Amino acid sequence: MIFKTLTLNNFRVFNGQTTIDLTPRKEGMFERPIILFGGLNGAGKTSILTAIRLALLGKRALGAVITKKDYLSYLNEQTNKTATKAQQDAEGSITLSFSHTHQGKHNLYEVTRKWQLEGDEKLTLTINGEQDTSLNSEQVQAFLHEIVPPGIGDLFFFDGEKIAELAEDDTGSYLKEAVQKLLGIDIINRLSNDLDIYLKGLGAETADKDTLKKIKAAEEQKHQITQQVNATRDKADSIGAQLTELKNKIATKEHEIQAQGGAWAKTKDQEQAQASELIELEKELTAKIRQELSGSLPMALAPTAMQNLIEQLTSDQQIKQAKAFGNELVQALPNLESALNQKFDAQSSDIMATVNSYFGQLVNQTALAEPKLDISDSEFALINAQVTEASQSQALIKELSTTLSQTQNKLSSLSINIERAPDAADLHELYTALRELEKQRDTISKEYISELLKAKEFKAKELELAKRLEKDYAKLKNNHSADKAVERVELSQYVLQDFKHALTELRVTQLEELFVKAYRKLARKEDLKLSAKIDPTSFDVNLVDAEGVIINRKSMSAGEKQIFAFAILEALGKLSGKVLPVVVDTPLGRLDSKHRDKLIKHYFPEASEQVILLSTDTEVDEDFYQAIEHKVSHAFEIEFNQHTNCSTLREGYFWAELVQEAI
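Residues numbered from 1 in each chain as written. Predicted model: local features only at pLDDT ≥ 70, side-chain atom pairs only at ≥ 80, totals over all residues. Heavy atoms only, no water.

Check the secondary structure of the chain and you find 19 helices and 17 strands. Among the 663 residues that make up the chain, the fraction classed as buried is 39%. For the chain, the share of sequence-separated contacts (at least 6 apart) that also reach a separation of at least 24 residues comes to 73%. Total accessible area computed for the chain in this model is approximately 38700 Å², and 50% of it derives from carbon and sulfur atoms. (Helix = DSSP H or I, 4+ residues; strand = E, 2+ residues; numbered from the N terminus. Buried < 20%, exposed > 50% of the residue type's maximum accessible area, 1.4 Å probe, protein only. Contact = heavy atoms within 4.5 Å. Areas by Shrake-Rupley, 256 points an atom, 1.4 Å probe, with all protein chains shown as cover.)

In structure tokens, the structure reads:
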């Protein structure tokens, strides 16, 4: 997942509409994953983190248990105060667009949340520019939770307070909750509880006269409803026959209209369908041409220069090979001379002189030559492949352009034919009769649907009674059957517990390895020999030194604890298997200069393909900015206006000259 843009409308300190470009930019072939936001305290950095979490998680961004009323009240509180003063029912909204691969398809998604005072939240989702109207708000939120599960979101979108909370957590409760959500252990616990409820119900029911009486009454009622279902279906079938007859009359009238309209009327529908297909083909061809234009094609625009380059590189490769051969030959000649002396004795000198003369000429031919472009074999192969690909791309674009031109010509001809089709006004009487038949069809269709709905209602009642009877029949089962059920349920619970423990131990071992790797990357040099041990029951993390002695967490400094917390978050993120952007608000609070340097150089540039940092000027200062400048895609400064109590964004950071170099 990559965030593309974030649009805030009357959200917190941002009045009106503010659109923020979050797409990471490249410098040539080098990735620049960091998008840096700078702002003083209270300027609105947390608003950006809140907006991202709210857009994806909805009310779960506020916690696991929150009522709809409290959530709507919270949304109204987020509406910009200046906007509500100007208009009491001002609308607030958040729109987050992002690219994501879902079910093997890479799409551009855009999620929008809108709310007004005393109104409900409106949640919409668009995919590749088209709104998905098949999903209601709950289904859209369920889809977003599939992409970013709430428990996982806390591992990627967090603030300094969360780091401090995790750093000071000596109980392991936060880590335990996170691991359980990652593994789905909370679902196992819920299933086990449901089985307990089922067990409580077994054995409480016994067969008696009242039960038999209820069963008999239910059977009689079910028989009556079954008769109503059959009668309603018969009536619906009769109406359906009338509806079919009307449809045939309509088809006949439409045929008369086509006959009156001539050849153009007969082919109009087909030509319209064909035109739609050609329009789609035109879009597809245009997209393919654009894709080719964005590849290696520019190399094909200078074929002579590219050919000269390949020839020069080939010559350079030959020179390097000859020099390498010469060096190896010089090293091998003494051994050859020794071998000749032993085998040929008197003639060895003449043979050796001949060998030296022959190979000397070969070596001298390249002794003075030097490669003009000294590149590696892999780089030469890459350039050669790109030149070949550019030539193929040029041929493909020519073919695509020809097909596109032919498609556009066909589309133009079809448009002329469609325009020649007769207008409905020329066939007024036939159309009037047709409309009358369509009205009759609509009336009968409504009656037909009404009867089907009645049949459906009766059928639902019939099914409900059948389920009730099934429960009543279950009460007649003997105690032996109940004992069997209890045995199966208890066995299932044992299996669930064994599975839970095995899964937990496996994941805890993996988490220990990931944590140690992350901690050693971020810790100071003197701490690199530390390892970790996680209790699979309490989930408390203990650092262990080289001698196996557990280090007291309470004795660690605040900065050391925060490095500890960052390592846990990175390990949990990798354990989740999710590839999501990382958003961090006030990331360097309470850290000393050494630990800050570790985070700046080894955590943020590598945390994800997209890292959004929300920092003050004292956290990412000039020195730290210079340390990550080569990884900064672009930067924004959030400026707060004391008079309007609102914030605005400008592209840049606290130091304009540094920003110009970075962007």
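Take the packing of aromatic side chains next. Under the defined criterion, the tally for this structure stands at eleven aromatic pairs. When the centroid spacing of 5.1 Å and the interplanar angle of 25° are considered together, the rings of Phe37 and Phe636 count as stacked. With a gap of 599 residues between them, Phe37 in strand β5 (residues 34-39) and Phe636 in strand β16 (residues 632-641) connect regions that are remote in the sequence. Since its relative accessible area comes to 0%, Phe37 is described here as buried. Classification of Phe636 as buried rests on a relative accessible area of 7%. (Phe/Tyr/Trp six-rings, centres within 6.5 Å; stacked < 30°, edge-to-face > 60°.)

Alternating residues of strand β14 (residues 582-585) divide into Val582 and Val584 and Val583 and Asp585, and every residue in both groups is buried. The pairing of strand β10 (residues 157-159) with β14 spans three bridges and is parallel. Counterpart to Phe158 in the pairing with β14 is Val584. (Pairing = 2+ DSSP bridges.)

Strand order in the open sheet formed by six strands is β10-β14-β15-β5-β16-β17, with mixed pairing between adjacent strands. A single partner strand is all that each edge strand has here, and the edge strands are β10 and β17 (646-651). Each strand of the sheet is rotated relative to its neighbour by a mean of 15°, with strand direction disregarded. Note that β5 and β16 share six bridges and pair parallel. Across the sheet, Leu36 pairs through a bridge with Ala635, a residue of β16. (Axes fitted to C-alpha atoms, helices over the stretch in contact; angles between N-to-C directions.)

Now for the nonpolar core. Soluble globular proteins: nonpolar side chains tend toward being buried together. One finds Phe3, Leu6, Phe37, Phe98, Phe515, Tyr519 and Phe604 to be the most contacted residues of the largest nonpolar core, which totals 92 residues. Looking at this core, the element that brings in the most residues is helix α16 (residues 558-576), giving ten residues. (Core = buried A, V, L, I, M, F, W, Y, C linked by side-chain atoms within 4.5 Å.)

As a further point, take the pairing of strand β12 (residues 541-544). Pairing of strand β11 (residues 531-534) with β12, which is carried by four bridges, proceeds in the antiparallel orientation. Counterpart to Ser531 in the pairing with β12 is Val544. Pairing between β12 and strand β13 (residues 550-551): two bridges, direction antiparallel. Within the sheet, the bridge partner assigned to Val544 lies in β13 and is Ile550. Two successive antiparallel strands, β12 and β13, enclose a turn made up of five residues, where Gly548 displays a positive phi of approximately 85°.

What follows concerns the side chain of Arg113. Assignment of secondary structure puts Arg113 in strand β7 (residues 105-115). Of note is the side chain of Arg113, whose polar atom sits 2.2 Å from the side chain of Gln141. (Polar contact = N/O pair within 3.5 Å; in protein donor to acceptor, adjacent residues only side chain to side chain.)

Spatially, the six strands line up as an open sheet ordered β2-β1-β6-β7-β8-β9, and their pairing is antiparallel. Across the chains shown, the open sheet's two edge strands, defined by having one partner strand only, are β2 (14-21) and β9 (130-131). As paired elements, strand β6 (residues 92-102) and β7 share eleven bridges and run antiparallel to each other. Residue pairing for β7: His102 is matched across the bridge by Lys105.

Time to look at unusual backbone geometry. A positive phi angle, near 55°, is found at Arg12, a position not held by glycine. On the accessibility criterion, Arg12 (30% relative accessible area) is partly exposed. Here the phi dihedral of Asn645 falls at roughly 60°; this positive angle occurs in a residue that is not glycine. Here Asn645 lies in the loop between β16 and β17. Residue Asn645 is classed as partly exposed on the basis of its relative accessible area, which comes to 47%.

Further remarks concern a nonpolar patch on the surface. Residues Leu491, Tyr494 and Val495 make up a contiguous nonpolar surface patch of roughly 340 Å² in combined accessible area. Inspection of the secondary structure puts Val495 in helix α15 (residues 479-522). (Patch = residues over 30% accessible without salt bridge, like charges linked within 9 Å, V, L, I, M, F, W, Y side chains within 5 Å. Salt bridge = Lys/Arg side-chain N within 4 Å of Asp/Glu carboxyl O.)

Close approach of charged atoms allows side chains with opposite charge to pair. Under the criterion given, the structure shown has 13 salt bridges. Across the pair Lys283 and Glu280 runs a salt bridge, and its minimum N-O distance is 3.9 Å. Remark: Glu280 and Lys283 occur in helix α10 (residues 263-293); sequence separation between them is three residues, near one turn of the helix. Of the charged contacts, one joins Glu462 and Lys459 as a salt bridge, the two residues approaching to 2.9 Å between their closest N and O atoms. One end of the pair is Glu462 and the other is Lys459, both in helix α14 (residues 428-475) and three residues apart, which spans about a single turn. For Glu462, a relative accessible area of 9% translates into the label buried. Looking at Lys459, the relative accessible area reads 30%, which means it is partly exposed. Overlapping salt bridges, with partners in common, bring together Asp21, Arg25 and Glu651 in one network.

This part is about helix α1 (residues 45-57). With 13 residues, α1 should reach 18 Å at 1.5 Å per residue; the first-to-last C-alpha distance of 19 Å fits that figure. Of all 13 residues that make up α1, twelve are buried, and the element is covered over most of its length. Of the residues making up α1, those classed as buried are Lys45, Ser47, Ile48, Leu49, Thr50, Ala51, Ile52, Arg53, Leu54, Ala55, Leu56 and Leu57. Positive phi shows up at Gly58, right after α1, with a value of about 65°. (Expected span 1.5 Å × (residues − 1).)

Before going further, it helps to examine the side chain of Gln610. With respect to the helices, strands and loops of the structure, Gln610 is situated in the loop between α17 (593-603) and β15 (611-615). A polar contact is formed between the side chain of Gln610 and the backbone nitrogen of Phe3, at a distance of 2.7 Å. Within polar-contact distance, the side chain of Gln610 engages the backbone oxygen of Leu22 at 2.6 Å. Ignoring anything within four residues of it in the chain, the contact list for Gln610 reads Ile2, Phe3, Leu22, Thr23, Pro24, Pro33, Ile35, Pro581 and Val582.

A word on the confidence of the model for the chain. Confidence in the prediction for the chain averages 78 pLDDT; 81% of positions are at 70 or higher. Within the chain, helix α19 (residues 656-662) has the poorest average pLDDT of any element, 43, and strand β1 (residues 2-11) the best, 94. The model gives residues 476-480 a pLDDT under 50, and that stretch makes three contacts with residues more than four places away or in other chains. Note on residues 656-663: pLDDT is under 50 here. Beyond four places in sequence and across chains, it has 17 contacts. (pLDDT = per-residue confidence, 0-100.)

With that out of the way, let us pick up the packing of α1 against helix α4 (residues 137-147). Orientation of α1 relative to α4, taken along the N-to-C sense of each, is 115°, at an axis distance of 8 Å. Classified by the angle between their axes, α1 and α4 sit roughly perpendicular to one another. Seen from α1, the contacting residues are Ala55, Leu56 and Leu57; seen from α4, they are Gln141, Leu144 and His145. Per-class residue counts for the contact of α1 with α4 are four nonpolar, two polar and no charged. (Parallel < 35°, antiparallel > 145°, perpendicular 65-115°, else oblique. Nonpolar A, V, L, I, M, F, W, Y, C, P; charged D, E, K, R; others polar.)

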